[in-house]
Amino acid sequence: MFSNWLTRLNRGVGTPTGKIAQLIWGSLSRSLSLSSQRRVPGESELSSFVTRTNTCGELRSSHLGQEVTLCGWIQYRRQNIFLVLRDFQGLVQVVIPQDESAASVKKILCEAPVESVVQVSGTVISRPPGQENPKMPTGEIEIKVKTAELLNSCKKLPFEIKDFVKKTEALRLQYRYLDLRSFQLQRNLRLRSQMVMKMRDFLCNLHGFVDIETPTLFKRTPGGAKEFVIPSREPGKFYSLPQSPQQFKQLLMVGGLDRYFQVARCYRDEGSRPDRQPEFTQIDIEMSFVDQTGIRSLIEGLLQYSWPKDKGPVRVPFPCMTFAEALASYGTDKPDTRFGMKIVDVSDVFRNTEVRFLQDALSEPQGTVKAIRVPGGAKYLKRKDIESIRKLAADHFDQEVLPVVLKASQNWNTPVAKFVMEEQGWELVGRLEAQEEDVVLLTAGEHRRACSLLGKLRLECADLLEARGAVLRDPALFSFLWVVDFPLFLPKEEHPGELESAHHPFTAPHPSDVHLLHTEPEKVRSQHYDLVLNGNEIGGGSIRIHDAQLQRYILETLLKEDVTLLSHLLQALDSGAPPHGGIALGLDRLMCIVTGAPSIRDVIAFPKSFRGHDLMSNAPDVIPPEDLKPYHIQVSWPTDSEEEKNSLSHPRRPES
């Protein structure tokens, strides 16, 4: 229609030329592009290009009398009189004809097994009075069938396609193509698509970002997560799958692209992690001439623009907290701020205590005593819960925790806890603003270790309280938080005297701490920032090092890395690199929280299992030796003793 209109316009006024033509065509093409991208498909668009006239879920009383053709799966059949037809948009009731003249139609619809695919044509009619179903969006109408065609019969399936039917996750992953038919997965994946499209619109159409694909076959990057290795046909040479497009997006800034965006596939060989995937998706962003404030404002606007309307508005700006504040108050760098139970330093309360483990801790240079108040702990927790809390502290943190029950009638306190209540009870209660029903958890030790322990116990107690009926974390509340001023370096676990990057080696140091790089690098803060949502890290980024000399010093001198692996990046930084920074949002984790899904596997079409396996296709799989020859590699099979040792260090768990 538009092209016909343009033809008539050109005939009437002649063909515009020169700059005027460029302006007209440029303006029209931009308008068309934006309008087409922002349109929401209506009912007719959902059935364009296909043999149906409507979807099952869209029909309402407004369609009464219309002749329709529907395609879908048989959800269930009742007494060979009705069947319910399902497609991606919903359910509709179909009346099976009973008269002799429609015997062939009745035979098809009555004999086709459940989950068979059929096409029916007929008239939209009202349901008889009293037979309406208010629980179904299409519950006021039904289809009086005239013709039917069996498109594909279905054999007996391993489970029913109903959300309320319990299935093991291993079975769901093995038959993922069936599990995808569930309304829950359909909703999750469609919402994911809608949010990504809005993000793309916000970044590319409203703010001038360029969507650029970066390579998947790359080389090993020093530091960071372990990467998957891909053999090449050159002897001894391998590609690596990038854990993120980090280097490429920095190089794009050197190349003058200014604003880059990508829905990027990333890969990390992290072994068995309960809620991680070896391949995942992130919204990857990089900008030139930007600071932390600019990046944070961009992401707040992006999430506000793409946020589902039924989830409530996103309030900006998001609150901001330093890493040191997060650790001191919540015991973690990704605090869930939907509930209290903050960590309180009570060292001064116990400065003159006679309790041995508190006394020993305070005698150390960095020794502290910390506490959290568990509201209603005496009401909700059981004695066995108190014991499990103490065991968790001992087993996982090698630290002692002292539960103090304030309720006098509840005789759970140990002699040490009773002594604390007698000597420092009132002062402790006042400092924590505790009530009689509360329980106080005390621990002592070096600041970071004590905070980390109580941070873990805070979440453990929240789980226990909510399991007993307490309301702490509102699932409908989305609590965003920026965490900033992370340390630039951390001591290596295996060699505490050496340093490693807290995030990655391209993060710029805090401007106020640059002078410490040559004297006390362990005290340097970074220009890294994390975005936290409901206690989950959903994004992380930084302002990058754009000075080649500084980047070389950090890699070579402080981190002891082989700089030849990054010679291309160092040369680029020495070629007029602009100041730049960026961020990556974990799309899988974000969608998991938005949809309320129990696992990130419920927002990914074809996820891997807990052990990184594709249970549907049995990947990874064995490759014959002759197929390995071109890559100059051969498999070294583990001996029985190595297999046994590996199973002890990495015990097998059920696939999930």
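Residues numbered from 1 in each chain as written. Predicted model: local features only at pLDDT ≥ 70, side-chain atom pairs only at ≥ 80, totals over all residues. Heavy atoms only, no water.

A.B. asks: How should the environment of Phe 339 be read in this particular structure?
C.D. replies: Along the chain, Phe 339 falls in the loop between helix 10 (323–330) and strand 12 (344–345). The spatial distance from the C-alpha of Phe 339 to the C-alpha of Ala 462 is 8.9 Å, given a sequence separation of 123 residues. Not counting chain neighbours up to four residues away, the residues in contact with Phe 339 comprise Tyr 330, Arg 458, Leu 459, Ala 462, Leu 472 and Arg 473. (Helix = DSSP H or I, 4+ residues; strand = E, 2+ residues; numbered from the N terminus. Contact = heavy atoms within 4.5 Å.)

A.B. asks: What am I meant to see in helix 4 (residues 103–111) here?
C.D. replies: Side chains of residues three or four places apart in an α-helix project in the same direction, reflecting 3.6 residues per turn. All buried positions along helix 4 are accounted for by Val 105, Leu 109 and Cys 110. Projected down its long axis, helix 4 carries its buried residues within an arc of 120°, all on one side. Turned more than 90 degrees away from the buried face of helix 4, the exposed residues are Lys 107 and Glu 111. The inward-facing, buried residues of helix 4 abut strand 1 (67–78), strand 2 (82–87), strand 4 (117–126) and strand 5 (141–152). (Buried < 20%, exposed > 50% of the residue type's maximum accessible area, 1.4 Å probe, protein only. Arc of directions from axis to C-beta.)

A.B. asks: What is the right way to look at the sheet that holds strand 6 (residues 210–211) in this model?
C.D. replies: Pairing between the strands of a sheet comes from backbone hydrogen bonds, and it takes one of two forms, parallel or antiparallel. Pairing is mixed in the open sheet, where 8 strands are placed in the order 6-9-10-21-20-19-16-11. Two strands close off the open sheet at either side, each with one partner strand: strand 6 and strand 11 (320–322). Note that strand 9 (residues 259–267) and strand 10 (residues 279–288) share 9 bridges and pair antiparallel. Bridge pairing links Cys 266 to Phe 280 in strand 10. Contacts from helix 9 (residues 292–306) reach strand 10, strand 11, strand 16 (480–484), strand 19 (528–533), strand 20 (536–543) and strand 21 (580–586), with the element oriented near 35° to strand 21. Packing against the sheet, helix 10 makes contact with strand 11 and strand 16, and its axis sits at approximately 85° to strand 11. (Pairing = 2+ DSSP bridges. Axes fitted to C-alpha atoms, helices over the stretch in contact; angles between N-to-C directions.)

A.B. asks: Explain the sheet that holds strand 1 here, please?
C.D. replies: Read around the closed barrel, the 5 strands follow the order 1-2-3-5-4; overall the barrel is mixed. The average undirected angle you get between the axes of adjacent strands in this sheet is 55°. Where strand 4 meets strand 5, 10 bridges bridge the pair, whose relative direction is antiparallel. Residue pairing for strand 5: Ser 126 is matched across the bridge by Ile 141.

A.B. asks: What am I meant to see in the side chain of Ser 526 here?
C.D. replies: Looking at the secondary structure, you find Ser 526 in the loop between strand 18 (499–501) and strand 19. Engagement of the side chain of Ser 526 in a polar contact is seen with the backbone nitrogen of His 528, the distance being 3.2 Å. The contacts of Ser 526, once residues within four sequence positions are left out, are Asp 485, Phe 486, Pro 487, Leu 488, Thr 507, Ala 508, Pro 509 and His 510. (Polar contact = N/O pair within 3.5 Å; in protein donor to acceptor, adjacent residues only side chain to side chain.)

A.B. asks: What's the story with the confidence of the model for the protein in this structure? I'm lost.
C.D. replies: Residues at a pLDDT of 70 or more form 90% of the protein, whose mean pLDDT is 90. Confidence over residues 1–38 falls short of pLDDT 50; this stretch has 15 contacts with residues more than four positions distant or in other chains. (pLDDT = per-residue confidence, 0-100.)

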